[in-house]
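These are the residues of each chain, in order.
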Amino acid sequence: MACGDDGKLSLDSIRDSLIRQEDTIIFNLIERIKFPTNPTLYKQQLPNISGSLFHYLFQQTEALQSKVGRYLSQEEIPFFPDNLPDSIIPPTKCTPVLHPAANLANVNEKILDIYIKQMLPLFCTEADDDANFATTAACDIQLLQALSRRIHYGKFVAEVKFRDSTDDYKPFILAQDRDGLMKLLTFEAVEEMVKKRVAKKAKVFGQEVTLKDSAKEVKGKVDPLLVSRLYDEWIMPLTKFVEVEYLLRRLD
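Below: a short report on this structure.

Conventions and cut-offs
Residues numbered from 1 in each chain as written. Predicted model: local features only at pLDDT ≥ 70, side-chain atom pairs only at ≥ 80, totals over all residues. Heavy atoms only, no water. Helix = DSSP H or I, 4+ residues; strand = E, 2+ residues; numbered from the N terminus. Buried < 20%, exposed > 50% of the residue type's maximum accessible area, 1.4 Å probe, protein only. Disulfide = S-S within 2.5 Å. Axes fitted to C-alpha atoms, helices over the stretch in contact; angles between N-to-C directions. Parallel < 35°, antiparallel > 145°, perpendicular 65-115°, else oblique. Left-handed = near helix turned anticlockwise from the far one by under 90°. Contact = heavy atoms within 4.5 Å. Nonpolar A, V, L, I, M, F, W, Y, C, P; charged D, E, K, R; others polar. Phe/Tyr/Trp six-rings, centres within 6.5 Å; stacked < 30°, edge-to-face > 60°. Lys NZ or Arg CZ within 6 Å of the ring centre and 35° of its normal. Expected span 1.5 Å × (residues − 1). Salt bridge = Lys/Arg side-chain N within 4 Å of Asp/Glu carboxyl O.

Description of unusual backbone geometry
- Positive phi outside glycine occurs at Ala131, with the angle close to 70°.
- Structurally, Ala131 is set in the loop between helix 4 (108-123) and helix 5 (133-152).
- Given the relative accessible area of 55%, Ala131 is considered exposed.
- Positive phi is not limited to glycine here, since Gln176 has a value of about 50°.
- Within the secondary structure, Gln176 sits in the loop between helix 7 (166-174) and helix 8 (178-185).

Listed below in structure tokens is the structure:
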């Protein structure tokens, strides 16, 4: 989707991708909540580095991924873009799908702050640190990257909607009318459907599978209502924010 045949850019293809990304987010969430919050990971300072142990691990992970071309794709946005090494893999020869201003619509800093301060306490237990810092950080990074990809996919949503209905969007863009664009992009019925779908997926993906039939209700690995809340309070609002920020710069 990041580059290639514009004929493949459609709301149907984007919708299919967003639905698959729901699976990725839920599975990564299930992996993360196996561990307690481990607050030391996000507070501990190490000699000769700035930031927490988690920030260090995250930066090193992104640096390695940058070397093998992860951030050559418009679908991937680093959380720590400063001083990332160049890719040893040459970029593919294709035409970018998004407008050049796409890089300016970036909410990774906000995603990271919400994740540590609000999401983790919501999903994970507050037990004492279990010292599995490297494994916990690896789960965090995978989940954060999945969340970032899903939220910033709003740029592709905005692009295809703009192309399909340029005359509807252009006046709001020229007037820099954020509220007008937000209303134009909001479909409450679709959002309700998404919340119901991710809750159902969480229930199915989080169930314990046994070979014995039992009528006893077994607690799932993740609360479906919390997954629905994750989309309602953060993922969908941030996605629409990204869409608006992208569209405001679409005519530059």
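Brief notes about the state of the cysteines
- All chains considered together, the criterion is met by zero disulfides.
- Not engaged in a disulfide, the cysteine Cys139 finds its nearest cysteine sulfur in Cys124; these two sulfurs lie 9.4 Å apart.
- Residue Cys139 is classed as buried on the basis of its relative accessible area, which comes to 9%.

Observations concerning the packing of helix 1 (residues 11-32) against helix 6 (residues 154-164)
- Orientation of helix 1 relative to helix 6, taken along the N-to-C sense of each, is 165°, at an axis distance of 10 Å. Here helix 6 runs roughly antiparallel to helix 1, going by the angle between their axes. Pair helix 1 / helix 6 crosses with left-handed handedness. Contacts between helix 1 and helix 6 involve Leu11, Ile14 and Leu18 on the former and, on the latter, Phe156, Val157, Val160 and Lys161.
- The residue inventory of the contact of helix 1 with helix 6, partitioned by class, reads six nonpolar, no polar and one charged.

Some thoughts on the packing of aromatic side chains
- A complete count under the given rule lists six aromatic pairs for this structure.
- On the numbers, 5.4 Å between centres and 75° between planes, the contact of Phe58 with Phe80 is edge-to-face. Pair noted here: Phe58 is in helix 3 (residues 53-67) and Phe80 is in the loop between helix 3 and helix 4, with a separation of 22 residues, a long-range link.
- For Phe58, a relative accessible area of 0% gives the class buried.
- In this structure Phe80 comes out as buried when scored by relative accessible area, which is 16%.
- Put simply, the rings of Tyr42, Phe54, Phe58, Phe79 and Phe80 touch in pairs and so form one group of aromatic residues.
- A cation sits over an aromatic face here: Lys110 above Phe241, 4.6 Å from the ring centre.

Re helix 10 (residues 224-248)
- Taking 1.5 Å per residue as the helical rise, helix 10 with its 25 residues ought to reach 36 Å, and the 35 Å between its terminal C-alpha atoms agrees with that figure.
- Judged by how many residues are buried, helix 10 sits mostly within the fold: 18 of 25 residues are covered.

Examining the pattern of salt bridges
- Taken as a whole, this structure holds 18 salt bridges when the rule is applied.
- The partner of Arg163 in a salt bridge is Glu159, and the shortest N-O contact between them spans 2.7 Å. Placement of the pair is Arg163 and Glu159 together in helix 6, with a separation of four residues, close to one helical turn.
- The partly exposed category is assigned to Arg163, whose relative accessible area is 33%.
- Judged by its relative accessible area of 1%, Glu159 falls in the buried class.
- Several salt bridges converge on common partners, so that one network encompasses Glu22, Asp23, Arg197 and Lys201.

Description of the environment of Asp223
- Checked against the element boundaries, Asp223 lands in the loop between helix 9 (188-205) and helix 10.
- Judged by its relative accessible area of 36%, Asp223 is partly exposed.
- Note: C-alpha distance between Asp223 and Ala199 (24 residues apart in sequence) is 8.1 Å.

Quick look at the packing of helix 1 against helix 9
- Taken N-terminus to C-terminus, the directions of helix 1 and helix 9 make an angle of 45°; their axes are 10 Å apart at the nearest point. Put simply, helix 1 runs oblique to helix 9. Considering the relative orientation of helix 1 and helix 9, their crossing is right-handed. In this structure, helix 1 uses Ile19, Glu22, Asp23, Ile26, Phe27 and Ile30 to contact helix 9, whose residues at the interface are Val194, Arg197, Val198, Lys201, Ala202 and Phe205.
- Taken together, the residues of the contact of helix 1 with helix 9 sort by class into eight nonpolar, no polar and four charged.

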